[in-house]
Amino acid sequence: MPSAAARVVLVTGVSRFLGARVANTLQADPGIERVIGVDTVPPTTPLGRTEFVRVDIRTPSIAKVISSAEVDTVVHLNLVTSPSVPRSKVKEFNVIGTMQLLAACQRSPDTRKLVVRSSAAVYGSSPMDPAVFGEDDEPVEPPTSGYAKDACEVEGFVRGLCRRRSDLTVSVLRFANFLGPGVDSPLTRYLRMPVVPTVLGFDPRLQFVHEDDGVEVLRRMTVEDHPGTFNVAGDGVLLLSQALRRAGRSYVPLPSPSISVAGDMGRRFAGMSGFSPELLRWLTYGRVLDTGRLVGELSWRPKYTTEAAFADFLSAQVPDRGVPLRIIERLIGRRGT
């Protein structure tokens, strides 16, 4: 549904790939007067007419930015998922940062809309999961650690804000894993490993959202009013084994306790920082989302299916350098597995 035009939009996490893309998309909208991007470090890509403000959302300074600029729409994309960042810092950014940001929104008389990037990881991954998760489904095994637990807490804070500021239009987006030529994430680094470890006895169903579709959903939620919680993913699924065959990757099934050993190879050859518990559970049990609510609300379907998003990701990859299988065998053998 069309809304009163967003006039001044603040985007958090603007120095990361998703924040930069969303800011660049919003600034092209002639109806938006100002786009303000905030982050703790300067962006490495040009932001055009987006105004960059170096500010830490964990501090009360974010409230000053929102009030002084008379921000009416906040797009919160600053959910840190990288395992390379120390866990204590990740929790501060995700939880404390969100608390400060929402407190600033609550106090601002100008703020009327909030769009929050969440994660499908809030559903967890377990052997007892339903075939498809809808937005009203509760996780069978709620996340107990990592960014997945942070995302659950963030959504709880957002619900609290909705109770205190019932006049706000709030959209919460539970994204499947992003894929595309511009995405660099624990998942893409896993898929780029020269020999990919999988969990012995499991072939999970996976679902992806293409970066272009993710940006379009965030744009629509910003310039239109679509309150509620929505799953965001491309249509269809891929089995992990299908994905690895299409990628031309060699893979080795390992007992779950041995996967951490393979993380040594990920650090050496794919820039990974090991396997987080969330990633390991997802690579064991998978997760599939029902996106019917989003499709009905927007009268729109993602341009890319899960298969098409994966194919576009592959199209931008550098050919494998052919690191031999003996590397992973040596790593495993060294630990006596």
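Predicted, not measured: the structure shown is a model, and the values here were computed from it. (Residues numbered from 1 in each chain as written. Predicted model: local features only at pLDDT ≥ 70, side-chain atom pairs only at ≥ 80, totals over all residues. Heavy atoms only, no water.)

1. Regarding helix α4 (residues 146-164)
End to end, α4 covers 28 Å across 19 residues, agreeing with the expected 27 Å (1.5 Å per residue, within 8%). Its buried side turned inward, α4 meets α3 (87-107), β5 (113-119), β6 (169-175) and α9 (277-285). (Helix = DSSP H or I, 4+ residues; strand = E, 2+ residues; numbered from the N terminus. Expected span 1.5 Å × (residues − 1). Contact = heavy atoms within 4.5 Å.)

2. Section: the packing of aromatic side chains
Applying the stated rule across the entire model yields seven aromatic pairs. The interplanar angle of 35° and the centroid separation of 4.9 Å between the aromatic rings of phenylalanine 175 and phenylalanine 178 together place this pair among those described as tilted. This pair shows no difference in class: phenylalanine 175 is buried, exactly as phenylalanine 178 is. Look at phenylalanine 310 and phenylalanine 313: their rings are 6.1 Å apart centre to centre, the planes differ by 45°, and that puts the pair in the tilted class. Residue phenylalanine 310 and its partner phenylalanine 313 are located together in helix α11 (residues 306-315), separated by three residues, close to a single helical turn. The exposure class assigned to phenylalanine 310 is buried, which follows from its relative accessible area of 1%. Residue classification places phenylalanine 313 among the buried positions, given a relative accessible area of 2%. A connected cluster of aromatic rings, assembled from ring pairs, spans Phe208, Trp282, Phe310 and Phe313. Positioned over the ring face of phenylalanine 93 is arginine 58, at 4.0 Å from the centre of the ring. (Phe/Tyr/Trp six-rings, centres within 6.5 Å; stacked < 30°, edge-to-face > 60°. Buried < 20%, exposed > 50% of the residue type's maximum accessible area, 1.4 Å probe, protein only. Lys NZ or Arg CZ within 6 Å of the ring centre and 35° of its normal.)

3. Focus on the packing of α3 against α4
Look at α3 against α4: their axes get within 10 Å of each other, and the N-to-C directions meet at 10°. One way to sum up the angle between α3 and α4 is to call them roughly parallel. Across from Arg87, Val90, Lys91, Asn94, Val95, Thr98, Met99, Leu102, Cys105 and Gln106 in α3, the residues of α4 making contact are Gly146, Tyr147, Lys149, Asp150, Glu153, Val154, Phe157, Val158, Leu161 and Arg164. Tallied by class, the residues present in the contact of α3 with α4 amount to 10 nonpolar, four polar and six charged. (Axes fitted to C-alpha atoms, helices over the stretch in contact; angles between N-to-C directions. Parallel < 35°, antiparallel > 145°, perpendicular 65-115°, else oblique. Nonpolar A, V, L, I, M, F, W, Y, C, P; charged D, E, K, R; others polar.)

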